[in-house]
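Here are the chains, one letter per residue:
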Amino acid sequence: MKKYRLLVFLLGIIAVFYFVRTIRNYTVKQETRTIKSEHFIVSYTGIYKSEAEKVSNHLEENYSKIRENLKDVPHDLIKVFVYGSQYKFNAATGLEENTKGTSRGPNEFHFVWTNWFNSIFPDDPLKTALHEFTHCVQLNILIYKAKDSIITQDRLTFEREFDKKFGAEYPLWLWESISMFEAKEVNRLSVKYAKNKNLTLEELNKSNQIYNIGYTIIEYLTQKWGKDILPKLIASFGNIEKTLNVSTEEFEKGWIAFLEEKY
Ligand SMILES: [Zn+2]
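Residues numbered from 1 in each chain as written. Predicted model: local features only at pLDDT ≥ 70, side-chain atom pairs only at ≥ 80, totals over all residues. Heavy atoms only, no water.

### A closer look at the domain arrangement of the protein
What counts is decided by this rule: As used throughout, domain bounds are those supplied by an automatic or database domain assignment.
We note that the domain assignment places domain 1 (1-29), domain 2 (33-140) and domain 3 (171-262) within the protein. If you average the C-alpha positions of domain 1 and of domain 3, the two centres end up 42 Å apart.

### A few points about the side chain of K100
Which entries qualify depends on this criterion: Strands here are runs of E lasting at least two residues and helices are runs of H or I lasting at least four, both read from the DSSP assignment and numbered beginning at the N terminus. Burial here depends on accessible area, computed with a 1.4 Å probe over protein chains only, as a share of the maximum for the residue type. Under 20% is buried, over 50% is exposed, and the range in between is partly exposed. When charges are counted, Lys and Arg are positive and Asp and Glu negative, with His and the chain ends excluded. Between Lys or Arg on one side and Asp or Glu on the other, a salt bridge is scored when a side-chain nitrogen of the former is within 4 Å of a carboxyl oxygen of the latter. We define a polar contact as two N or O atoms separated by no more than 3.5 Å, with the added condition that, inside protein, one atom must be a possible hydrogen donor and the other a possible acceptor, whereas residues neighbouring each other in sequence contribute only through side-chain atom pairs. It only takes one pair of heavy atoms within 4.5 Å for two residues to be counted as in contact.
The residue K100 is located in the loop between α3 (86-93) and β4 (101-103) in this model. Of the side chains bearing the opposite charge, D123 lies closest to the buried K100, which forms no salt bridge; the N-O distance is 5.7 Å. Polar side-chain contacts of K100 include one of 2.7 Å to the side chain of Q86. Looking at K100, its side chain comes within polar contact range of the main-chain oxygen of N98, at 3.4 Å. For K100, the residues in contact, after removing those within four places along its chain, are Q86, F89, H110, F111, V112, T114, D123 and T128.

### Some remarks on the pairing of strand β1 (residues 33-36)
Rule in force here: Strands qualify as paired when DSSP identifies two bridges or more between them.
Where β1 and strand β2 (residues 40-45) come together, four bridges link them in antiparallel fashion. Note on β2: the bridge partner recorded for K36 is I41. The hairpin formed by β1 and β2 contains three residues between the paired strands.

In structure tokens, the structure reads:
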């Protein structure tokens, strides 16, 4: 008898899931709508207006704090595109992997509003929004700084030269870990898992493990050297030796010790 009760219970949950999902699919609007606030224009499709309002409010609430943390320079209005499905996100951005978000220059980013109806393990979409916004802030700072070294009147030449320098010299570990830190993307289990792999910063430039452990690099860094070190580290393209006066190996050792103690 007990076995049947469990079966009925499970079938009930599945039925509720499909019922709610169907309701959502019928009531959500598929045409694109926009919400304009002081610093953002949020364009959304396939999610509720109330959800888009949450994105807009959350971005505005965190706008000043993140920009102050990283010492951002004057920043134009940012266009935000939110999609209700991975399929629509991929179609709009041309990306093929299971990426949840992407920044397009300092003034535009796109992301998927993940939930239990469109992904197996949904991320917190409000954190994804802050993560991509933080990429825009990093780019804004780097582009402003690059105007000192890339001297040209032509915008396209400047963009090409900047992309080349950024792609070759700005380390992925820094790019991702700063965004994860500002968005508070950290999960104890994922950190424990990645920690056991004993990865160096260099290895994290080529590994997806950065998405498990990135937060803790900046957590360690700001606890030990203070948060004013972050803008300096961005400006130096992640040069540990020059910014922190320790070797990269020493830094990694300290970070691992910090992980052992805290996670
Ligand atoms: Zn990222």
